[in-house]
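# Structural features, examined
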Amino acid sequence: MAGKPPTGDPVQDAPDVAAPQHAAAGLPAIAHTLRIAQKQMGVRRTALTLLKVNQKDGFDCPGCAWPEPDKRHAAEFCENGAKAVAEEATLRRVTPDFFAAHPVADLATRSGYWLGQQGRLTHPMYLAEGAETYEPVTWERAFDLIAEELHALTSPDEALFYTSGRTSNEAAFLYQLFAREFGTNNLPDCSNMCHESSGSALTDTIGVGKGSVLLEDLYQADLIIVAGQNPGTNHPRMLSALEKAKAGGTKIITVNPLPEAGMERFKNPQNARGLAGGGTPLTDLFLQIRLGGDQALFRTLGRLVLETEGAVDTDFVREHTHGFEEYERTARAADWDETLRATGLRREEIEEALRMVLASRRTVVCWAMGLTQHKHAVPTIKEVVNLLLLRGDIGRPGAGVCPVRGHSNVQGDRTMGIFERPSAAFLDALEKEFGFAPPREHGLDVVRAIRALRDGDAKVFFAMGGNFVAASPDTDVTEAAMRRARLTVHVSTKLNRSHVITGARALILPTLGRTERDRQSGGDQFVTVEDSMGMVHASRGRLEPASPQLLSEPAIVCRLARRVLGTASTTPWEEFEKDYGTIRDRVSRVVPGFEDFNARVARPGGFTLPHAPRDERRFPTATGKANFTAAPVEYPKAPEGRLLLQTLRSHDQYNTTIYGLDDRYRGIKNGRRVVLVHPDDAHALGLADGTYADLVSEWTDGTERRAPGFRVVHYPTAPGCAAAYYPETNVLVPLDHTADTSNTPASKSLVVRLEQADPA
Ligand SMILES: Nc1nc2c(c(=O)[nH]1)N[C@H]1C(S)=C(S)[C@@H](COP(=O)(O)OP(=O)(O)OC[C@H]3O[C@@H](n4cnc5c(=O)[nH]c(N)nc54)[C@H](O)[C@@H]3O)O[C@H]1N2
Ligand SMILES: Nc1nc2c(c(=O)[nH]1)N[C@H]1C(S)=C(S)[C@@H](COP(=O)(O)OP(=O)(O)OC[C@H]3O[C@@H](n4cnc5c(=O)[nH]c(N)nc54)[C@H](O)[C@@H]3O)O[C@H]1N2
Ligand SMILES: [Mo]
């Protein structure tokens, strides 16, 4: 069973636990970075590579999607960005000899950590039907095999084309074009598991599914609320922005069940105060909320604003919004008892937050997975919007919504058309530019794609990056579904679990990473990306590719498209492969905001995409106004003797890529199978610190899922709310446990019981 720790693995998961820390970054971060980087890359390559991260002539950091400030430090550099770079620029290699020595059945017993640590993939590899090992294959043969399986399908909708969020704009644009010329909108992506709830909520309420602030706005804000996000680990460069904002007098409210070190105090490695001194305290008010209590919190803040004389921006509400009366009626009925139950907060804490909201003339709300991965994620984010609308805090400097994206180009991929539910306008533009009739019927997202594989309705699974099997919910169901496929194909840089849980036939197609030079017959190429704030800029790799066999992602799509579509396609795939500038010319005619793409991206720093609510207070919604909404308040409840469990990231991982076994800020060392439990809950359950327990999730249909052998850690989380790392706990997330509307797996609120177990 997938929930079991892998056995054939030399890695020993034996957690050591110390007290959590209260500050992030500082000298230990630099020391830790250099240790990991030099282990992977050696000293010289470490220095050369890390100097090029996020520089104007360098490559975009494959870490996170946080934007680069205009004036860059020589090392605009953060610990976890450096780890992401080291992971890609490693000198270790996974060659055909490696595969010959390791049958797939053996690889399937290894941990994701071990697989990733083997190094970069060097050759296209093929696992034939019934074969025990992957064998090297030529690129031509690989494309033939894919074409053969795609042509054998009864309908193009039996194929799935997944994307992870590191793919460049150019590759993403070609990939969706290929899928649609082939005949399907089945373009599930990691966003479906990530910020889909933000996209849904923002599209309905403000008309644009993206954040409405730029870095400058954070510096100008009077108040920044950071809810459901752990930037110290996942967006470390955001801490520099928060530090700068604080220096200008900004106040910060943090809303989180966990006291995360990064939000407590930041020791900026870029300055002396950060390195030697005590650092900057960031959070002014910490609201230690129960999991999923945010909708109730924002609803009550809205109610209190409504009840305060002169607190509502009535001009803005009258001119720019729709649905105020119904919202007002609903919000005024919000009741303290329910709010306190849902949030676990004290009334005085919420009243203190209200005072800070009222004292602020410009408020920004930032959030990430703590808000998006709940059953009621979409209404929760809409409730954030309600509060901002009341105060007129959208579409003016220093104020707005700031969903902080994950993967470095996940936002750009969506802009380029990686979406299973494309707008008619986008399809019309494609049709006009390329002269074919794109399919109009909507395609499958991640959860529906898994169901289609499970039920035999999808037969070919193609992934442009990512680690679908490990990142998706309900590991056992997902793995069984994947094994039913006729063919699974992964365009990848590193070995991962998705390469060893395969369909009848499988291919691994190795590709260039961000850090690597991309040479085509038309000369050296660069690609472009869009960050979390809608800024588009170029990314150029400098390192020699990990192997001469690698093809770039755009080249892979172009060759695949030519082989699969043949003369049926009049798209100039050969020209696209030669010169990515010709792809950008097409993008500029299909995607709004990209006019004159090549010229504008040539400017240092790139350009900012238009955003109607931000730029002109125009709200392209169905009503033509910004919409207040009035959904009933929901929050997750755990029966007696059960806890709510969130699945989250440690400090030493990038999603399913594990860099190491430590979670420094939380005081965890040398192990990942830990469950953080409030001491009162642990005592009530009779679980001493250091005992081992199985995590058993209970689902409404009566089924149970088990992840065995987690070390219980007494931890200052909100009472009733436990935490454990993803992806080890994905086995616990039922496939049907998803957010309403966005269909995002609700990975932050599982009902679990802890069963005492013998130590592993
Ligand atoms: N180093 C590193 N960087 C990364 C990643 C990585 O794995 N490693 N992943 C990237 C990706 S794809 C993404 S999407 C982002 C993820 O960035 P985050 O969203 O910061 O990632 P998580 O670890 O899932 O953390 C969720 C945070 O929300 C809190 N939280 C959980 N539930 C709730 C809730 O109900 N209410 C509130 N208010 N808070 C809650 C948790 O305690 C935790 O602090 O990071 C990106 N950057
Ligand atoms: N339980 C639970 N599940 C979750 C989450 C959670 O919080 N809890 N978070 C969800 C979120 S927010 C996300 S975004 C998803 C992540 O889902 P994915 O994006 O699918 O997963 P990653 O682990 O980021 O993918 C890592 C793999 O990408 C490949 N790769 C890396 N760089 C490149 C590149 O440049 N090109 C190509 N082609 N391949 C590359 C490598 O082979 C590596 O093994 O997981 C989701 N799953
Ligand atoms: Mo994500």
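Named according to an unreviewed UniProt entry, the chain is Molybdopterin-dependent oxidoreductase alpha subunit originating from Streptomyces netropsis. In its Sequence similarities (unreviewed entry) section, the UniProt entry covering the chain states "Belongs to the prokaryotic molybdopterin-containing oxidoreductase family."

The next subject is the packing of helix α24 (residues 446–454) against helix α26 (residues 475–483). Look at α24 against α26: their axes get within 7 Å of each other, and the N-to-C directions meet at 55°. Put simply, α24 runs oblique to α26. α24 and α26 meet at a crossing whose hand is left-handed. On α26, the residues touching I450, L453 and R454 of α24 are V477, T478, A481 and M482. Here the contact of α24 with α26 is built from residues that sort into five nonpolar, one polar and one charged.

Another aspect to go through is the pairing of strand β14 (residues 363–367). Strand residues, when the strand is regular, have side chains that alternate between the two faces of the sheet. Across the five residues that make up β14, a large majority, five, are buried. Pairing geometry for strand β8 (residues 223–227) and β14, over five bridges, is parallel. From the neighbouring strand, I225 faces β14, where its bridge partner is V365. The sheet contact formed by β14 and strand β15 (residues 400–403) spans four bridges and is parallel. Within β15, the residue paired with V364 across the bridge is G400.

Okay, the UniProt feature "domain: Molybdopterin dinucleotide-binding" (unreviewed entry) in the chain next. What UniProt calls "domain: Molybdopterin dinucleotide-binding" (unreviewed entry) maps, in this numbering, to residues 643–749. Secondary structure within residues 643–749 divides into 6% helix and 36% strand; the distance between the first and last C-alpha atoms comes to 9 Å.

The next thing to look at is the site of ligand 2. The environment of ligand 2 is formed by 30 residues, the closest being Y162, S164, A471, E553 and T656. Between ligand 2 and the protein, one listed contact pairs an oxygen atom with a side-chain N or O atom of H407 at 2.8 Å. At 2.8 Å from an oxygen atom of ligand 2 is found a side-chain nitrogen or oxygen belonging to Y726. Here ligand 2 loses 96% of its free accessible area of 940 Å² to cover by the protein chains. Of the residues contributing to the shell around ligand 2, the split by class is nine nonpolar, 16 polar and five charged.

This part is about the sheet that holds strand β31 (residues 704–714). Within the closed barrel, the six strands sit side by side as β25-β32-β29-β31-β30-β33. Their pairing is mixed. Sheet twist, expressed as the mean angle between neighbouring strand axes with direction ignored, is 45°. When strand β30 (residues 692–698) meets strand β33 (residues 750–757), the two strands line up antiparallel, connected through six bridges. When the sheet's bridge partners are listed, L695 is paired in β33 with L754.

Of all the five residues making up strand β16 (residues 460–464), five are buried; the element is thus mostly covered by neighbouring parts of the structure. Judged by which residues are buried, β16 turns out to be covered on both faces: V460, F462 and M464 on one side and F461 and A463 on the other are all buried. As paired strands, strand β7 (residues 159–163) and β16 are joined by five bridges and run parallel to one another. Across the sheet, F161 pairs through a bridge with F462, a residue of β16. As defined by bridge partners, β16 adjoins strand β17 (residues 487–492) across five bridges and the pair is classed as parallel. Following the sheet pairing, F462 is matched in β17 by V489.

Taken together, the six strands give an open sheet; going across it, the order is β6-β5-β18-β17-β16-β7, and neighbouring strands pair in mixed fashion. Both outer strands of the open sheet, β6 (135–136) and β7, are each paired with one neighbouring strand and no more. In terms of strand pairing, β17 meets strand β18 (residues 505–510) through six bridges, oriented parallel. By the bridge assignment for β18, T488 is matched with A506.

Turning our eyes to something else, we now look at the site of ligand 1. Around ligand 1, 31 residues are found, and the nearest of them are N256, E260, G292, Q653 and N655. G370 places a main-chain nitrogen or oxygen 3.3 Å from an oxygen atom of ligand 1. Measuring from a nitrogen atom of ligand 1, one finds a backbone N or O atom of Q653 at 2.7 Å. With the chains in place, 99% of the 920 Å² that ligand 1 exposes on its own is no longer accessible. At the level of secondary structure, the elements contributing two or more residues to the shell around ligand 1 comprise α11 (231–234), α20 (369–372), β25 (643–648) and β26 (653–654). Among the residues making up the shell around ligand 1, the classes are represented as eleven nonpolar, 16 polar and four charged. Structurally, the shell around ligand 1 is a two-domain feature, drawing no fewer than three residues from each of domain 2 (197–408) and domain 3 (643–757).

When its domains are assigned, the chain resolves into domain 1 (124–182 + 426–527 + 550–609), domain 2 (197–408) and domain 3 (643–757). On a C-alpha basis, the centres of domain 1 and domain 3 stand 33 Å from each other. Of the residues lining the interface, 16 residues belong to domain 1; the matching set on domain 3 comes to 15 residues. Across the interface of domain 1 and domain 3, roughly 1200 Å² is buried in total on both sides, 52% from carbon and sulfur atoms.

Reading the values: rules and limits
Residues numbered from 1 in each chain as written. Chains lettered and ligands numbered in written order. Predicted model: local features only at pLDDT ≥ 70, side-chain atom pairs only at ≥ 80, totals over all residues. Heavy atoms only, no water. UniProt positions renumbered as here; feature names shortened; annotations may be inferred. Axes fitted to C-alpha atoms, helices over the stretch in contact; angles between N-to-C directions. Helix = DSSP H or I, 4+ residues; strand = E, 2+ residues; numbered from the N terminus. Parallel < 35°, antiparallel > 145°, perpendicular 65-115°, else oblique. Left-handed = near helix turned anticlockwise from the far one by under 90°. Contact = heavy atoms within 4.5 Å. Nonpolar A, V, L, I, M, F, W, Y, C, P; charged D, E, K, R; others polar. Buried < 20%, exposed > 50% of the residue type's maximum accessible area, 1.4 Å probe, protein only. Pairing = 2+ DSSP bridges. Near = heavy atom within 4 Å. Polar contact = N/O pair within 3.5 Å; in protein donor to acceptor, adjacent residues only side chain to side chain. Areas by Shrake-Rupley, 256 points an atom, 1.4 Å probe, with all protein chains shown as cover. Domains from an automatic or database assignment. Buried area = accessible area lost by both parts, 1.4 Å probe.

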